[in-house]
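Each chain, written out:
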Amino acid sequence: FDHPYLAKPIWMNLSNCCKVLNATAYVMSKEGFAGLDLNEFDCFESCCDSIPSPAKKLTFSSASERLKWFAENMNAMFGQGLVYCDSEDTCKELAKLLRKNKIMAEAYIDVTNIEKKERINYLTNSFSTGSIPVFVTTHEAGKNLSNPRIRFVVHFDLPADQKLYELHISQIGQLAETAVVYDLIIM
């Protein structure tokens, strides 16, 4: 690029990629590209257009540290949101923790159970109207949820499937003025 200003939108798009391996920003003049050996860098998958803002990847050294961050920071999030977990038990625990911290949240799980259809319909309608601001759900149960007011997605546990991750991110609603995605990773 002739000027660093021209490189900024490209870099911002790269920062929004669903999966970037060893991404590094280089602001170079036209002449600078001649000396760059692209074989030294890992490739990256194409960007997904549905990501509204860069995902904030937070790393923790333990499960208790991650849980502490979650409990302390969910109060600061505004609007409706989705929290994704691997197991139904974790969903129940996190929803209970949020309610204890005065955040109206429900575990949205077991959605295919015919006996619980009335309860699931009630929860879905309550989330759609904004009566329940936070759903804590499993990766599969929450994948069909939609609400134009969803402002945040928290991956308490990351899904193993990249397509499912992209689907979760795309659930940020078009009426959300600002949106954020948090990936809570234990290293």
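Residues numbered from 1 in each chain as written. Predicted model: local features only at pLDDT ≥ 70, side-chain atom pairs only at ≥ 80, totals over all residues. Heavy atoms only, no water.

**Considerations on helix α3 (residues 88–100)**
Given 3.6 residues per turn, any residue in an α-helix points the same way as the ones three and four places further on. In this model, α3 (13 residues) spans 18 Å end to end at C-alpha, consistent with the 18 Å of a helix rising 1.5 Å per residue. On its buried face, α3 sits against α2 (63–73), β2 (80–85), β3 (105–108) and β4 (134–138). (Helix = DSSP H or I, 4+ residues; strand = E, 2+ residues; numbered from the N terminus. Expected span 1.5 Å × (residues − 1). Contact = heavy atoms within 4.5 Å.)

**Comments concerning the packing of aromatic side chains**
Under the defined criterion, the tally for this structure stands at five aromatic pairs. Taking the centre distance of 6.3 Å and the plane angle of 55° together, the rings of Phe 60 and Trp 69 count as tilted. With a centroid separation of 4.4 Å and an interplanar angle of 15°, the aromatic rings of Phe 127 and Phe 135 are classed as stacked. Of the two residues, Phe 127 and Phe 135, neither departs from the other in class, the shared state being buried. (Phe/Tyr/Trp six-rings, centres within 6.5 Å; stacked < 30°, edge-to-face > 60°. Buried < 20%, exposed > 50% of the residue type's maximum accessible area, 1.4 Å probe, protein only.)

**Regarding unusual backbone geometry**
Positive phi outside glycine occurs at Lys 102, with the angle close to 65°. Mapping Lys 102 onto the fold places it in the loop between α3 and β3. What makes Lys 102 exposed here is its relative accessible area of 77%. Its identity as a non-glycine residue notwithstanding, Asp 110 has a phi of 55°, on the positive side. Looking at where Asp 110 falls in the secondary structure, it is placed in the loop between β3 and α4 (117–129). Under the relative-accessibility criterion, Asp 110 is labelled partly exposed at 23%.

**A word on the pairing of β2**
Along β2, six of the six residues are buried, which leaves the element largely enclosed by surrounding structure. Residues of β2 alternate between two faces, with Gln 80, Leu 82 and Tyr 84 on one and Gly 81, Val 83 and Cys 85 on the opposite face, all of them buried. The pairing of β2 with strand β5 (residues 150–155) spans five bridges and is parallel. When the sheet's bridge partners are listed, Gly 81 is paired in β5 with Phe 152. Both β2 and β4 contribute to a ladder of five bridges, which runs parallel. Note that in β4 the partner of Gly 81 across the bridge is Val 134. (Pairing = 2+ DSSP bridges.)

**So, the confidence of the model for the protein chain**
Counting all residues, the mean pLDDT for the protein chain is 76, and 69% of those residues have values of 70 or more. For the stretch residues 1–5, pLDDT sits under 50, and the model shows nine contacts to residues farther than four places along the chain or on other chains. (pLDDT = per-residue confidence, 0-100.)

**A word on the side chain of Thr 137**
If you trace the backbone, Thr 137 turns up in strand β4. At 2.7 Å, the side chain of Thr 137 and the backbone oxygen of Tyr 108 are in polar contact. Every residue in contact with Thr 137, bar those within four places of it in the chain, is listed here: Val 83, Tyr 84, Cys 85, Cys 91, Tyr 108 and Gly 142. (Polar contact = N/O pair within 3.5 Å; in protein donor to acceptor, adjacent residues only side chain to side chain.)

**Overview of the environment of Ala 95**
For Ala 95, the position within the fold is in helix α3. For the pair Ala 95 and Val 136, spaced 41 residues apart in sequence, the C-alpha separation works out to 6.0 Å.

**Let's talk about the sheet that holds strand β1 (residues 55–60)**
Ordered by their spatial adjacency, six strands build an open sheet running β1-β6-β5-β2-β4-β3, and the pairing between neighbours is parallel. In this open sheet, the two edge strands, each paired with only one partner strand, are β1 and β3. Recorded for the sheet is a direction-independent mean angle of 20° between the axes of neighbouring strands. Strand direction decides the pairing type here: β1 and strand β6 (residues 180–186), joined by six bridges, are parallel. Within β6, the position partnered with Lys 57 by the bridge is Asp 183. Along the sheet, helix α5 (residues 162–169) contacts β1, β2, β5 and β6; its crossing angle with β5, the most-contacted strand, is approximately 150°. (Axes fitted to C-alpha atoms, helices over the stretch in contact; angles between N-to-C directions.)

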